Amino acid sequence: MIKKIAVITGAGSGLGASLAKKYANDDYHVCLIGRTIEKLERTAKALSNVNYSIFSVDISSKKEVSAVFSTIKETLGSVDVLVNNAGVGVFDVAENLEEDAVHQMIDINLKGSIFCTQEVLADMKERNSGSILNVVSTAGLEGKSTESVYCASKFGMRGFHESLLVELKDTDVHAFGAYMGGMNTNFWEGILDESITSGLMDPEDIADIIYHNASLRKNLNVDQVVIKNH
């Protein structure tokens, strides 16, 4: 019988794959969500148990998100942990960003997180339990050159997260936000040279910090952490 279910978006690589390992190690049934089946399968092979499900989903589509979360609830049960990790970035000075890039960042980074959260909130409130982890980035704390729309999407995600904290303050549903700097993942492929990415943070370290800070503990609540490169 499945006891605990964790849903992780953007689970095909990087931080999402690292967080999937953490929850698998803690005996969760991990639902891996992403756009590319092959990447999700690669993540699944690295898990410590066989309790996982793979779903290819475009989280910017409310219809697709609703369908997959309905399937999860019907076949597996209620979601205990939702990790809103999926994100995309296109970097250039503001006037050079193509329309498609603007839509993609707002649709995936912001709308996708909102759509996924909407699918679990009512059930979590009804059960008065559950955790929503929002992977925001330090781009949600300060503006950055060549990252105007990426920052706009992350500032939006921050606003959504902070509003959730207010809406959930009288419940036992937990919302947690992670604001971290650059990680050494394929997110930066074709954007930064390896000489730069090699000095960025290890996603395994970030996953460890997020997992342990987001864990539920008696008489205390960590609602956010900021993790920066030194």
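Before reading on, note that the structure itself is shown above.
Residues numbered from 1 in each chain as written. Predicted model: local features only at pLDDT ≥ 70, side-chain atom pairs only at ≥ 80, totals over all residues. Heavy atoms only, no water.

J.: I'd love a proper account of the packing of helix α3 (residues 62-75) against helix α4 (residues 99-127), names of residues and values included.
T.: Where α3 contacts α4, the two axes come as close as 9 Å, and the packing angle between them is 40°. Taken as a pair, α3 and α4 cross one another with a handedness that is right-handed. For the pair α3 and α4, contact is made by K62, V65, S66, F69 and K73 and by F115, C116, Q118, E119, V120 and D123, respectively. Split by residue class, the contact of α3 with α4 holds five nonpolar, two polar and four charged. (Axes fitted to C-alpha atoms, helices over the stretch in contact; angles between N-to-C directions. Helix = DSSP H or I, 4+ residues; strand = E, 2+ residues; numbered from the N terminus. Left-handed = near helix turned anticlockwise from the far one by under 90°. Contact = heavy atoms within 4.5 Å. Nonpolar A, V, L, I, M, F, W, Y, C, P; charged D, E, K, R; others polar.)

J.: So what's going on with unusual backbone geometry? Which residues, and what values?
T.: Most of the time, phi is negative for any residue but glycine, and the peptide bond is trans. In this model, D27 sits at a positive phi of 70°, which is unusual for a non-glycine residue. Mapping D27 onto the fold places it in the loop between α1 (14-25) and β2 (29-34). A positive phi angle is found at T146, which is not glycine, with a value near 65°.

J.: Give me the side chain of T9: which residues, what numbers.
T.: Along the polypeptide, T9 turns up in strand β1 (residues 5-9). What makes T9 buried here is its relative accessible area of 1%. For T9, the side chain forms a polar contact with the main-chain nitrogen of N85, separated by 2.9 Å. Among the polar contacts made by the side chain of T9, one reaches the main-chain amide nitrogen of A86 at a distance of 2.9 Å. Once you skip the residues sitting within four places of it in the chain, T9 turns out to touch I33, I59, V83, N84, N85, A86 and C116. (Buried < 20%, exposed > 50% of the residue type's maximum accessible area, 1.4 Å probe, protein only. Polar contact = N/O pair within 3.5 Å; in protein donor to acceptor, adjacent residues only side chain to side chain.)

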